[in-house]
Amino acid sequence: MSDVKSVIESGRAVLGIEFGSTRIKAVLIGEDHAPIATGAHDWENMLVDGIWTYSLDMIWEGISDCYSKMAQDAKEKYGVTIKKLAAIGISGMMHGYLPFDKEDNLLVPFRTWRNTITGEAAAELTEVLGFNIPQRWSIAHLYQAILNKVSKISYFTTLAGYIHWQLTGEKVMGVGEASGMFPIDSKTRDYDAAMLDEFAALDKVKEYPWDIRDILPKVLTAGEKAGTLTEEGAKRLDVSGNLESGILLAPPEGDAGTGMVATNSVAVRTGNVSAGTSVFAMVVLEKALKAVHEELDMVTTPSGDAVAMVHCNNCTSDLNAWVGLFKEFSELFGMDIDMNDIYGKLYNNALTADKDCGGLVAFNLFSGEPVIGLNEGRPMFARKPDARMNLANFMRTHLYASLATLKIGCDILFKEEKVKVDTLYGHGGLFKTKGVGQSILAAAMDAPVAVMETAGEGGPWGMAVLAAYMVNKADGEPLEKYLSDRVFNGEKGIVMQPDPDDVKGFDEYINTYKAAIEAERAMVKALPL
């Protein structure tokens, strides 16, 4: 404890803060990269006028509360007040759209990754650029605004980029996060110059006085310095006034990049799956894909290496809602059962179910899912009259549903494009119950899946490690070597091989799922928002 106290008092600790969909979390790490204090603030997106959003007040209330709880945790554990830090890193949900005018006024409410309202723009840009531009990408939101003739923009950014800007005054962004705004050239580790020219040459874009290069954040790679905490920034982060200004900040990153770091999957032929409110799989590529696929995003690692990503908007929200129903049922009978126990019993029971779920099918769609061609979604559960309806099959169905669209996208990556991956690392809420989410994912991907103990800290820990890399790396030391040698020390995690019967069962379930997509489409039409 005395060593940790000394690290904090001397300002050698490093802080990572990540804005997830339902929780803002801060992780303070020591010189061995192990967490020494944490804090969290729960929040939820709002559906306002058909737009999924968070207000700016929610952002600043959340980060200050999260920081305060982390600082209090450090105070209680080590009897020390945080005044200095070696570095800070901010990360958040990728993509989305925060546009500002020349007076730095927000032009429209923050549009999160969850919105699927840019179909026209995304389709046109994909065709013009010859590069898949998903609806949630920032450039799709910008171009849709142009098509709607409502853009008076001077600068646009993402959630992490906005917070970093407000804390430092720097309009910069890590390359991994930037790759969810506009396509990146992995050779230059910057926005693709030819595609910038093609975008600027579009007739509707030429009607505006700005140059696309001037309104995008500057791209930085992992390890570069991205500014320092201003006095105003320090006050916004730590309302107690104890935190000093002048602290170095790392390039702000997205949750995809921090997930790669948290699972040591930034090297070629490694990959990771982050499964929480949304779910995405990322694989670092050996070579370029043969074709453009609307189901696959092309993004980068925090160092700028090419990554293929399958991103799905929906994962555990519907699953959690069903588990909550069982909690409510238990309370009706006067039972006080811990939620972790309920998850554990239900999830482990699902492993005893029929491998194909026995004729049950579920859609977990709270929002649209472009991977299967839906701009809106409705949670739906159905079964055949002769289905084997029991609790195990019911829960396995919803576990499968949480990964169904991810599997559809990854089947393109692994089966059509023949992309090779040695191991996938799983992290996020789906993997909290030991062995269950891991085995379901191994079946979905038909690939080995590893889970590390450090993955439980997830993105904010990964962001803290990126900030530590910035201040501690040796000259010329690449991120993948720093992670392998200094952070993970050869740790491979607990690896689970796919069970052939599980793989076969999930494939059969997916056939039923695909056949039922039209029913889901009809449900969206029948139950308008």
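The structure contained in this document is the topic of the report that follows. None of these values were measured; they are calculated from a predicted model. Position labels on residues start from 1 in each chain and follow its written sequence. Whole-chain, interface and lining totals are the exception, using all residues; otherwise, since this is a predicted model, local features are given only for residues with pLDDT of at least 70 and side-chain atom pairs are given and counted only at 80 or more. Hydrogens and water molecules were not included; the side-chain quantities draw on all heavy atoms of the structure.

**Brief notes about a positive patch on the surface**
And step 1. A cluster of basic residues, Lys 287, Lys 290, Lys 418 and Lys 420, forms a positive patch on the protein surface.
And step 2. With respect to the element layout, Lys 290 can be found in the loop between β15 (279–284) and β16 (297–300). Patches here: salt-bridge-free residues with over 30% relative accessible area, like charges joined within 9 Å, nonpolar side chains (Val, Leu, Ile, Met, Phe, Trp, Tyr) joined within 5 Å. For accessible areas, the Shrake-Rupley method is used with a probe of radius 1.4 Å. Any residue's cover is judged against the shown protein chains and nothing else. In the sections that follow, a salt bridge refers to a side-chain nitrogen of Lys or Arg positioned within 4 Å of a carboxyl oxygen of Asp or Glu. Charge counting treats Lys and Arg as positive and Asp and Glu as negative, with His and both chain ends excluded. Where a charge lies is defined by one atom per residue type: Lys uses NZ, Arg uses CZ, Asp uses CG and Glu uses CD. Numbering of helices and strands runs from the N terminus, with a helix taken as a DSSP run of H or I at least four residues long and a strand as a DSSP run of E at least two residues long.

**Quick look at the environment of Ala 193**
And step 1. Structurally, Ala 193 is set in helix α7 (residues 193–200).
And step 2. Only protein chains enter the accessibility calculation, which uses a 1.4 Å probe; a residue whose area is less than 20% of its type maximum is buried, one above 50% is exposed, and one in between is partly exposed. Using a relative accessible area of 45% as the deciding quantity, one classes Ala 193 as partly exposed.
And step 3. In sequence terms Ala 193 and Pro 183 are ten residues apart; their C-alpha atoms lie 9.3 Å from each other.

**Thoughts on the side chain of Thr 53**
And step 1. The topology assignment puts Thr 53 in strand β5 (residues 51–53).
And step 2. Look at Thr 53 and you get buried, because its relative accessible area is 5%.
And step 3. From its side chain, Thr 53 meets the backbone oxygen of Phe 110 in a polar contact 2.6 Å long.
And step 4. For Thr 53, the contacting residues outside a window of four places in its chain are Asn 45, Met 46, Val 48, Pro 109, Phe 110 and Thr 112. Throughout this description, a polar contact denotes any pair of N or O atoms lying within 3.5 Å of each other; where both atoms belong to protein, one of them has to be capable of donating a hydrogen while the other can accept it, and for residues adjacent in sequence the pair is counted only when both atoms sit in side chains. The criterion used for residue contact is that any of the two residues' heavy atoms lie within 4.5 Å.

**Re the packing of helix α16 (residues 458–472) against helix α17 (residues 479–487)**
And step 1. Packing of α16 against α17 brings their axes to within 11 Å, and their N-to-C directions diverge by 105°. When the axes of α16 and α17 are compared, the pair comes out roughly perpendicular. Within the contact between the two elements, α16 uses Trp 461, Val 465, Leu 466, Ala 468, Tyr 469 and Asn 472 and α17 uses Leu 479, Tyr 482, Leu 483, Arg 486 and Val 487.
And step 2. A per-class count over the contact of α16 with α17 returns nine nonpolar, one polar and one charged. Orientation is described by axes fitted as lines to C-alpha atoms, over the contacting stretch for helices, and by angles from 0 to 180 degrees between their N-to-C directions. Each angle is binned into one of four classes, with values under 35 degrees roughly parallel, values over 145 roughly antiparallel, values of 65 to 115 roughly perpendicular, and all other values oblique. Polar here means any residue other than Ala, Val, Leu, Ile, Met, Phe, Trp, Tyr, Cys and Pro, which are nonpolar, and Asp, Glu, Lys and Arg, which are charged; Gly is therefore polar.

**Things to note about the sheet that holds strand β13 (residues 253–254)**
And step 1. Pairing is mixed in the open sheet, where five strands are placed in the order β3-β2-β1-β6-β13. In the strand order of this sheet, the two ends are held by β3 (35–42) and β13, each with one partner.
And step 2. By this definition, two strands are paired if DSSP reports at least two bridges between them. Bridge analysis of strand β1 (residues 14–19) against strand β2 (residues 23–29) gives six bridges, and the strand direction is antiparallel. The residue bridging Val 14 from the neighbouring strand is Ile 29, located in β2.
And step 3. Packed onto the sheet, helix α5 (residues 159–168) meets β1, β6 (87–92) and β13 and runs at close to 145° relative to β6.
And step 4. Across the face of the sheet, α16 comes into contact with β1, β2, β3, β6 and β13 while running at roughly 140° to β1.

**Brief notes about the pairing of β16**
One face of the sheet, then the other: side chains in a regular strand alternate in exactly this way.
And step 1. One ladder, built from four bridges, connects β16 with strand β17 (residues 306–312); its direction is antiparallel. Counterpart to Val 299 in the pairing with β17 is Val 307.
And step 2. Connecting β16 to the next strand, β17, in antiparallel fashion are five residues, including Gly 304 with a positive phi near 105°.

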